[in-house]
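Analysis of the macromolecular model
Next come the chains, spelled out residue by residue.
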Amino acid sequence: MTAKIIDGKATAERIRGEVKEAIEKRKTAGKSIPGLATVLVGENPASKVYVRNKQKACAEVGINSFGHDLPGDASQEEVEALVRKLNADPAVNGILVQLPMPKHLDEERVLASIDLGKDVDGFHPINIGRLAQKGREPVFVPCTPAGCMLLLEEAGAQIAGANAVVLGRSNIVGMPVALLLVKANATVTIVHSHSRNIPEIVREADILVAAIGQPEYVKKDWVKPGAYVIDVGINQKEDPTAKRGYRLVGDVAFAEVSEVAAAITPVPGGVGPMTIAMLLKNTLHAAELTD
Ligand code: GUN
């Protein structure tokens, strides 16, 4: 079997187009222009790039973005005071606090201070709690996990009743994607650093989501023929033939796993572009809540 390559770039572009069109319609109808506030604390170079890309994507679809950069030694009170100000600002529909924050800050308290209706990252403890509970719905679903689910659906995966294995239990991807798979009626196993017999567990997966940050960790003989494989990893792998001296690889050995999977996301061009697309969609949704 040769896997179908799941084109996240194309799906993300389609969503961005839909968001752009919806915003144009809002303008014509005299409704407000959605606004996203980004909060970046400190100088983490990767975080700076992510935030800049989010702001650029906002501009492309007609969302106003408001960048707030705080120094790396900002106090808990300063960060929370900024969030309170953004909560009260009617031009701001979504608030995104880029993670990770510097270690001295209490991340949970910052996230809990975001207005539930502006929590476009879906990381507020109440939104996560609702995601974990039966019969309850979060106002917003975290962006990367929502992107994984959409790619699975578009690839034609049958989620209800499937055995799903999630590699990784991070707050940003592993745990929320596992909760979404449970909500979609999959039977879910979460594999983490203390798990035993990992290849055997992975072999049972009809759906595999890899989010552990280990380059090409999942091998061909771990993957059940016909499985749907979503690779969230973005890792640098040394490659002297590449201009920068490295190339990007996922958590899955793409070439060999492609020989057995039914469908697989590439890296880059799979899950990566979906995160920002879902953020734009969530920000539009946040504005619609205020109509
Ligand atoms: N850091 C890595 N991914 C994310 C994300 O989706 N949202 C935020 N706020 N921080 C992140």
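Here's a quick rundown of the structure. Along every chain, residues carry numbers that run from 1 in the direction the sequence is written. In keeping with the predicted nature of the model, local features appear solely for residues at pLDDT of at least 70, side-chain atom pairs appear and are counted solely at 80 or more, and the whole-chain, interface and lining totals rest on all residues. Computation of side-chain values: all heavy atoms of the structure, hydrogens and water removed.

**Section: the sheet that holds strand E5 (residues 163–167)**
Heads up, the condition is: In this description, strands pair whenever DSSP reports at least two bridges between them. Numbered from the N terminus, helices here are DSSP runs of H or I no shorter than four residues, and strands are runs of E no shorter than two. Any two residues having at least one pair of non-hydrogen atoms within 4.5 Å are treated as being in contact. Helix axes use the C-alpha atoms of the stretch in contact, all axes being lines fitted to C-alpha atoms, and the angles between their N-to-C directions lie in the range 0 to 180 degrees.
Taken together, six strands build an open sheet; the order of strands is E1-E11-E8-E7-E5-E6 and the sheet is parallel. Of all strands in the sheet, those bounded by a partner on one side alone are strand E1 (4–5) and strand E6 (187–191). Bridge count for strand E8 (residues 228–231) against strand E11 (residues 263–264) is two bridges, and the pairing is parallel. Within E11, the position partnered with Tyr-228 by the bridge is Ala-263. The strands touched by helix H6 (residues 143–155) are E1, strand E7 (207–210), E8 and E11; relative to E8, the strand with the most contacts, the crossing angle is about 150 degrees.

**What to know about the nonpolar core**
Spelled out, the test is: Only buried residues count toward a nonpolar core, which is a set of Ala, Val, Leu, Ile, Met, Phe, Trp, Tyr and Cys residues joined through side-chain atoms within 4.5 Å. Here's how the labels work: a residue is buried when its accessible area is under 20% of the maximum for its type, exposed when over 50%, partly exposed in between, all with a 1.4 Å probe on protein chains only.
Grouped together as the largest cluster of nonpolar side chains are 50 residues, with contacts concentrated most on Leu-152, Leu-181, Ile-207 and Ile-230. If we skip the residues at most four places from it in the chain, Leu-152 touches Ala-157, Ile-159, Leu-181, Ile-207, Tyr-228 and Ile-230.

**With respect to the sheet that holds strand E3 (residues 64–70)**
If you walk across this open sheet you meet the three strands as E3-E2-E4, and the pairing is parallel. Two strands in the sheet have a free side with no partner beyond their single neighbour: E3 and strand E4 (94–97). With direction set aside, neighbouring strand axes in the sheet form an average angle of 15 degrees. The sheet strands contacting helix H2 (residues 45–61) are strand E2 (35–41), E3 and E4, and the helix crosses E2 at an angle near 170 degrees.

**Examining helix H1 (residues 8–28)**
Note the following rule: A helix is expected to span 1.5 Å multiplied by its residue count minus one. This arc is built from the directions going out from the helix axis to the C-beta atoms. Any pair of N or O atoms that falls within 3.5 Å is considered a polar contact. Within protein, one atom must be able to donate a hydrogen and the other to accept it, and sequence-neighbouring residues count only if both atoms are side-chain atoms.
With 21 residues, H1 should reach 30 Å at 1.5 Å per residue; the first-to-last C-alpha distance of 30 Å fits that figure. All buried positions along H1 are accounted for by Gly-8, Thr-11, Ala-12, Ile-15, Val-19, Ile-23 and Arg-26. Buried residues of H1, seen end-on, are gathered within an arc of 110 degrees and therefore sit on one face of the element. Seen from the buried face of H1, the exposed residues on the opposite side, beyond 90 degrees, are Glu-13, Lys-25 and Thr-28. If you check the start of H1, you find a side-chain oxygen 3.2 Å away from the backbone N of Lys-9, and it comes from Asp-7. Following H1 by one or two positions, Gly-30 adopts a phi angle in the positive range, close to 75 degrees.

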